[in-house]
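Residue-level listing of the chains:
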Amino acid sequence: MDAVAEGLWGLAEYHEQKGEIAKAIKCLEAVCQSSVSFLPIMEVKTRLRIATLLLRHCHNVNHAKAHLERSQLLLKSIPSCFELKCRAYSLLGQCYHLVGAIPNQKQILSKGLELTQSVGDRFVANLWFSNFSAQLSNALIIEGDYQNSLVTLQNGYDAATEICYPELQMFFATSMLHVHLMQWDDVNLVERALVKCDEVWESFDLNKRQQCLGLLFYNELLHVFYRLRICDYKNVAQHVDRLAAAMKADTQHVERVQELTNELNALNQSLSQPDMKYTDRQVLSEKRVQIEQQLRYTSASSPVGQDLDSVYIGQEKKPCADRLELAPFPIDGEWLPKSAVYALVDLTVVIFGRPKGLFKECGKRIQTGIQTIQAELLRLGITDVVREVDLQHSAIWTAGVYLMLLMQFLENKIAVDLTRADFVEAQEALVQMRDWYVRFPTILQACECIIEMLRGQYAHSVGCFSEAVFHFAEGAKLTENKSVQAICQVYAAVSYICIADAESSSRALDLIGPVYQVMDSFIGVREKTSVLFAYGLLLMKQQNLHEARIRLATGLQLTHNYLGNLQLVSQYLTVLGSLAIALHDNGQAREILRSALTLAKKLNDIPTQIWVLSALSALYQDLGERGNELDNDDYQRKKIDDLHKRLADAHASVHHLELIDKTRVEVQQLHECDVKRDVGSSVMKINLDIPESVGLAASTPMFSSSRLIDLDSVRRGKRKI
């Protein structure tokens with residue numbers, strides 16, 4: 001009967017390679033449902049393979065769990081079979097994770113860890129110990145138990161060190177760095193984790209680094225998150241460049257493999273024709289051999305050495321081109337789906353390039369990222385009518401990853417659109433964010449605060465300062481993150497300043513004061529540069545010019561040294577130029593304002609251009625430069641007319657009033673899906689820690705609708721490992 005089982009295994013393998021997963025599962029189920037009994041070990045291997053296919057391709061968690069639980073019962077009667085037992089524990093752990101049964105997952109993984117202590121072969125035992133440690137650490141993170149998660153990962157790192165397995169060491173080193181980035185209790189601990197990653201990675205030769213593509217992306221992205229978090233934009237560039245280069249090389253490699261495969265299939269189709277001439281057949285056969293050799297060489301990184309037995313303890317046969325694996329079998333896992341990693345690389349390029357005004361490249365990356373995510377959401381069955389309550393348990397986590405990425409792309413698009421005064425485009429993107437949140441309120445709960453902040457930013461950009469204050473205040477209420485609360489307070493303060501009456505100035509000071517007192521307690525300089533600008537602007541309005549100059553000069557230096565944010569620099573320069581005029585330092589004012597105008601033009605920041613031009617007109621009038629004043633006024637009028645038209649289009653839009661309306665977005669509470677809410681809540685807790693910009697605003701002396709300053713603020717949660 002073993003031959004029958006192996007025959008059905010082979011047939012299932014044939015169907016799987018053709019992508020006919022349902023037929024492959026039917027072949028395997030024929031073994032389990034046969035009236036003739038097979039040996040228990042044959043049935044166990046078959047059920048493990050069925051469970052693997054169900055989890056990998058069909059997301060049928062309950063069906064997979066039933067096969068795994070039956071396998072466990074059968075394995076209790078078999079004294080040996082260590083790897084089969086480990087695989088059953090591992091897959092069951094994955095099932096419990098997918099349905100959100102974290103206590104059950106921890107229990108089954110603990111049994112697996114105990115089992116690894118009973119085996120004499122320490123190499124194999126440590127491999128499975130690593131598997132269970134990685135899964136257990138993930139479960140602990142979901143529960144918020146970062147400390148025990150780090151202990152578990154350190155145990156895994158020690159096991160990898162014991163068997164001299166550098167790839168596993170790197171896997172655990174990067175995982176520990178990730179947890180430290182999420183917890184961030186002590187910057188010294190984060191830096192030590194970063195150094196450990198660098199040490200292990202540097203021990204790899206170039207060939208091994210190229211083979212460990214998943215680790216390369218994971219390590220570089222974690223470095224990017226760290227550098228952005230501490231506002232080290234100068235040193236983040238090298239990591240962003242490496243990510244972009246690696247993604248481009250891998251994309252070209254995959255395209256080349258697909259090109260050769262298509263060519264080989266076409267040749268095989270031609271050679272299948274019976275009436276082909278002998279000479280023609282010989283030529284095509286030789287060409288086929290050449291293409292097969294090229295394909296073997298190009299696909300050299302694909303997994304090799306698998307036989308049916310290794311497959312039927314659950315090892316994946318999925319080509320490496322479709323996944324970015326972080327560690328070898330039996331961990332055999334990926335941090336995020338490959339398309340999500342690619343989208344994340346595009347997002348990091350946008351986040352890095354947007355403050356520098358690289359809007360053309362950012363636009364391409366945003367468009368590519370959104371298209372990738374939309375395609376993946378469609379593959380998950382998420383169409384325009386699907387809501388959160390309609391999702392299957394197993395699809396919630398993956399859907400959450402793509403939805404969070406989509407929201408961040410839209411957020412960046414809004415920031416670019418508002419910087420360039422493309423208000424209607426910003427409206428449309430903001431409405432999309434709102435609509436996605438309404439449909440997926442649990443998964444995207446962390447975005448509610450961001451949506452309110454963006455509504456405030458939009459309202460301020462179009463001159464609705466009172467409405468802007470409301471939405472910034474609501475954003476502050478919707479988060480417990482001190483950094484985000486501080487940024488919201490500063491945004492609201494600047495909106496109050498733009499209202500320009502005594503009461504509003506007093507309220508602005510009430511908001512700025514508490515943030516100013518604690519500005520050095522935040523990580524990085526985002527909060528400090530924003531509050532220094534707002535405080536300097538307020539002091540200038542109050543005619544306290546010397547104190548304003550000190551605050552603004554300090555903020556400008558920090559912005560230039562750490563953030564490299566051209567829009568913020570240009571607006572700092574504009575205020576300092578106006579101060580120089582007020583202090584009768586006309587020579588310095590001329591140079592400062594010219595620099596500000598150059599930057600504003602590069603960004604196509606029309607409101608800031610108008611602000612600078614207004615200050616230049618005042619300067620030329622003081623200097624008696626009538627010709628320069630007339631030319632300047634003429635250019636300013638053109639810009640004002642342009643901005644008036646853009647504002648008129650924005651106000652005429654059907655979305656304008658609903659976006660500035662002093663109400664929060666209402667969502668339907670899904671009380672009937674408590675379990676899905678629990679799983680969704682784990683998604684909310686693990687958002688990507690990516691600093692974004694939402695901006696601040698300052699009023700021009702002659703025109704009241706000026707842009708928000710583009711200040712980067714960390715307001716993300718964390719992504720789980």
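An account of the accompanying structure is given in this report. All figures in this text were calculated on a predicted structure; none of them were measured in a lab. (Residues numbered from 1 in each chain as written. Predicted model: local features only at pLDDT ≥ 70, side-chain atom pairs only at ≥ 80, totals over all residues. Heavy atoms only, no water.)

## Notes on the overall build of the protein
- Helix and strand content of the protein: 31 helices and 2 strands.
- Within the protein, the proportion of its 721 residues that are buried is 58%.
- Of the contacts made within the protein by residues no fewer than 6 positions apart, 69% connect residues no fewer than 24 positions apart. (Helix = DSSP H or I, 4+ residues; strand = E, 2+ residues; numbered from the N terminus. Buried < 20%, exposed > 50% of the residue type's maximum accessible area, 1.4 Å probe, protein only. Contact = heavy atoms within 4.5 Å.)

## Quick look at the side chain of Glu 29
- Mapped onto the fold, Glu 29 is located in helix α2 (residues 21–32).
- Among the polar contacts made by the side chain of Glu 29, one reaches the side chain of His 63 at a distance of 3.3 Å.
- The contact partners of Glu 29, leaving out residues within four places of it in the chain, are Ile 50, His 63 and His 67. (Polar contact = N/O pair within 3.5 Å; in protein donor to acceptor, adjacent residues only side chain to side chain.)

## A word on the pattern of salt bridges
- Going through the model one piece at a time under the given rule, you end up with 37 salt bridges.
- A salt bridge links Lys 287 to Glu 263; the nearest nitrogen and oxygen atoms lie 3.8 Å apart. On the criterion of sequence distance, the pair formed by Lys 287 in helix α14 (residues 278–298) and Glu 263 in helix α13 (residues 233–271) is long-range, its members being 24 residues apart.
- Taken together, the shared-partner salt bridges in this structure form one network comprising Glu 448, Glu 474, Lys 477 and Arg 664. (Salt bridge = Lys/Arg side-chain N within 4 Å of Asp/Glu carboxyl O.)

## Looking at the nonpolar core
- Core analysis: the largest hydrophobic core is formed by 181 residues, its most contacted members being Leu 168, Phe 217, Phe 423, Trp 436, Leu 444 and Tyr 458.
- The leading source of residues in this core is helix α18 (residues 393–419), at 15 residues.
- Among residues more than four places away in sequence, those in contact with Phe 217 are Leu 243, Ala 246, Met 247, Leu 324, Val 341, Tyr 342 and Val 345. (Core = buried A, V, L, I, M, F, W, Y, C linked by side-chain atoms within 4.5 Å.)

## A short note on the packing of helix α12 (residues 213–229) against α13
- Two elements in contact, α12 and α13, have axes separated by 9 Å at closest approach and are oriented at 155°. With respect to α13, the axis of α12 lies roughly antiparallel. Crossing angle aside, the handedness with which α12 passes α13 is left-handed. For the pair α12 and α13, contact is made by Leu 213, Leu 216, Phe 217, Glu 220, Leu 221, His 223, Val 224, Arg 227 and Leu 228 and by Tyr 233, Asn 235, Val 236, His 239, Val 240, Arg 242, Leu 243, Ala 246, Met 247 and Asp 250, respectively.
- For the contact of α12 with α13, the residue count by class is 12 nonpolar, 3 polar and 4 charged. (Axes fitted to C-alpha atoms, helices over the stretch in contact; angles between N-to-C directions. Parallel < 35°, antiparallel > 145°, perpendicular 65-115°, else oblique. Left-handed = near helix turned anticlockwise from the far one by under 90°. Nonpolar A, V, L, I, M, F, W, Y, C, P; charged D, E, K, R; others polar.)

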